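Reading the structure
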Amino acid sequence: MISPCLLNVALHGLEEAAGVCYETSGPRAGETRPGSPVLIRYADDVAVLCYSQQQAGQVKARLAEWLAPRGLAFNEDKTRIVLLSEGFSFLGFNVRRYGPKLLIKPDKAAVRRLRERLASEMRALRGSNAAAVVAVLSPIIRGWAAYYRGVVSSKVFHSLDTYVWRLTFKWARWQHRNKPRSWIVSRYFGAFNRFRNDRWVFGDRGGGTYLVKLSWTGITRHIMVKGAASPDDPALASYWAERRKKVKPPPDAYTLRLLTRQDARCPLCGEHLLTADQPPQSPEQWERWWQRVTRKAIAASYLVHHGRPGPGGGDPTRLVHASCHRSHRARTGRQDPAQQHCTPSRLA
């Protein structure tokens, strides 16, 4: 964990060395000036966008000169100067210009790794039940979709949904070799998500859990950081706090509306229902985040739809911590009639 931190300290000032210039006033304040290169850095991974091949060579030479006194140098095996029309891969993304448009998509190698992992997990799950399949695959799918929801991913999401459906159907056929297809479909597939008109959702009819689809995650464009703003600058604490408030985990649309209406707080205790003060920065980190939510959901049912008196004609459904709900029931000594038909929020 210390390596990225040390690199961020050692490489501070890399933008200035590359010649990146920002507008300091006017309506374009914080944006790069015309003709200025744009540098993107994540720890020791750097991508510089230039206007010409000549400018790219000059920037590389300046950066090599700036790195030398610090005992650092480019890894020439991984450093290339390419045209945007050819594209390049960076942190699991593919950046490429298609005609007049610059599109950022999930890298093909990242998609291939996900397919291989899903297939491996499904082979290991042979002999398990549907609930185990949902518990293992859901964090992987949610984590991957959350990481790539900020780029052009819709087409990739739909193709991966088809691939996951084939894996689950093949798993079900292996589980019940002597059963006809119609029996398998009726047992493992159906409209488990009542907020979507999709009867080909894989799930466990006994427990009601189901496997989420990547295409259910909406595309949310990333908002660029203003100028050279640093999370470590005390003067910009409020700016970064506002940015982090806007980074929400990707639940279903109905739950998201409830969270927005409640300001993401439990109406019984007033605490946050979901916290993402420091958004995960990779598919694996998103996966671990969802796994923590899942474990908490198994231990405490995490969130439940809680019926409480609401505005006239409005939806009385609220989201509360399950522990708060149990305490509320213990205090009142009976179950709220509105809760008799409540369903999990499906966040996990």
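Residues numbered from 1 in each chain as written. Predicted model: local features only at pLDDT ≥ 70, side-chain atom pairs only at ≥ 80, totals over all residues. Heavy atoms only, no water.

Focus: the confidence of the model for the protein chain
Caution applies to low-pLDDT regions: their predicted coordinates should not be interpreted in detail. We count it as follows: Looking at any residue, its pLDDT shows the predictor's confidence there, from 0 to 100. By definition in these notes, contact holds between two residues if any of their heavy atoms fall within 4.5 Å.
The share of residues in the protein chain with pLDDT of 70 or more is 80%, and the mean pLDDT across the chain is 81. Here residues 309–313 is modelled with pLDDT under 50, and outside its nearest four sequence neighbours on either side it reaches 2 contacts, counting other chains as well. Note on residues 335–348: pLDDT is under 50 here. Beyond four places in sequence and across chains, it has 36 contacts.

Concerning the packing of helix H4 (residues 108–124) against helix H5 (residues 130–148)
Going by this rule: Angles run from 0 to 180 degrees between N-to-C directions of axes, and those axes are lines fitted to C-alpha atoms, restricted for helices to the stretch in contact. A run of H or I in DSSP counts as a helix once it spans at least four residues, and a run of E counts as a strand once it spans at least two, with each numbered from the N terminus. Here the angle decides the label: under 35 degrees means roughly parallel, over 145 means roughly antiparallel, 65 to 115 means roughly perpendicular, and every other value means oblique. For this classification, the nonpolar set comprises Ala, Val, Leu, Ile, Met, Phe, Trp, Tyr, Cys and Pro, the charged set comprises Asp, Glu, Lys and Arg, and every other residue, Gly included, is treated as polar.
Viewed as axis vectors pointing N to C, H4 and H5 meet at an angle of 170°, and their least axial separation amounts to 11 Å. Classified by the angle between their axes, H4 and H5 sit roughly antiparallel to one another. On H5, the residues that touch Ala-110, Val-111, Leu-114, Arg-117, Leu-118, Glu-121 and Met-122 of H4 are Val-133, Val-136, Leu-137, Ile-140, Trp-144 and Tyr-148. Its residues placed into classes, the contact of H4 with H5 shows 11 nonpolar, no polar and 2 charged.

Considerations on the sheet that holds strand S3 (residues 88–90)
Applicable threshold: Here, a strand pair is defined by DSSP locating no fewer than two bridges between the strands.
In spatial order, the strands read S3-S4-S5; together these 3 strands make up an open sheet with antiparallel pairing. Both outer strands of the open sheet, S3 and strand S5 (101–106), are each paired with one neighbouring strand and no more. Here the average twist between neighbouring strands, direction ignored, is 30°. Sheet topology places S3 next to strand S4 (residues 93–98); 3 bridges connect them, and they run antiparallel. If you follow Phe-90 over to S4, its bridge partner there is Phe-93.

Some points on a positive patch on the surface
For clarity, the cut-off: The patch calculation keeps residues exceeding 30% relative accessible area without a salt bridge and links them within 9 Å when they carry like charges or within 5 Å when they are nonpolar (Val, Leu, Ile, Met, Phe, Trp, Tyr). Surface accessibility follows the Shrake-Rupley procedure with a 1.4 Å probe radius. Residue values consider only the protein chains on display as shielding. We define a salt bridge as a contact between a side-chain nitrogen of Lys or Arg and a carboxyl oxygen of Asp or Glu at a distance within 4 Å. Note on charges: Lys and Arg go in the positive column, Asp and Glu in the negative column, and His and the chain ends are not counted at all. Think of each charge as sitting on NZ of Lys, CZ of Arg, CG of Asp or CD of Glu. Any residue under 20% of the maximum accessible area for its type is buried, any over 50% is exposed, and the rest in between are partly exposed; the area is computed with a 1.4 Å probe on protein chains only.
Together, Arg-123, Arg-126, Lys-170 and Arg-177 line one region of the surface with positive charge. Structurally, Arg-177 is set in the loop between helix H6 (154–175) and helix H7 (181–188). A relative accessible area of 58% means that Arg-177 is categorised as exposed.

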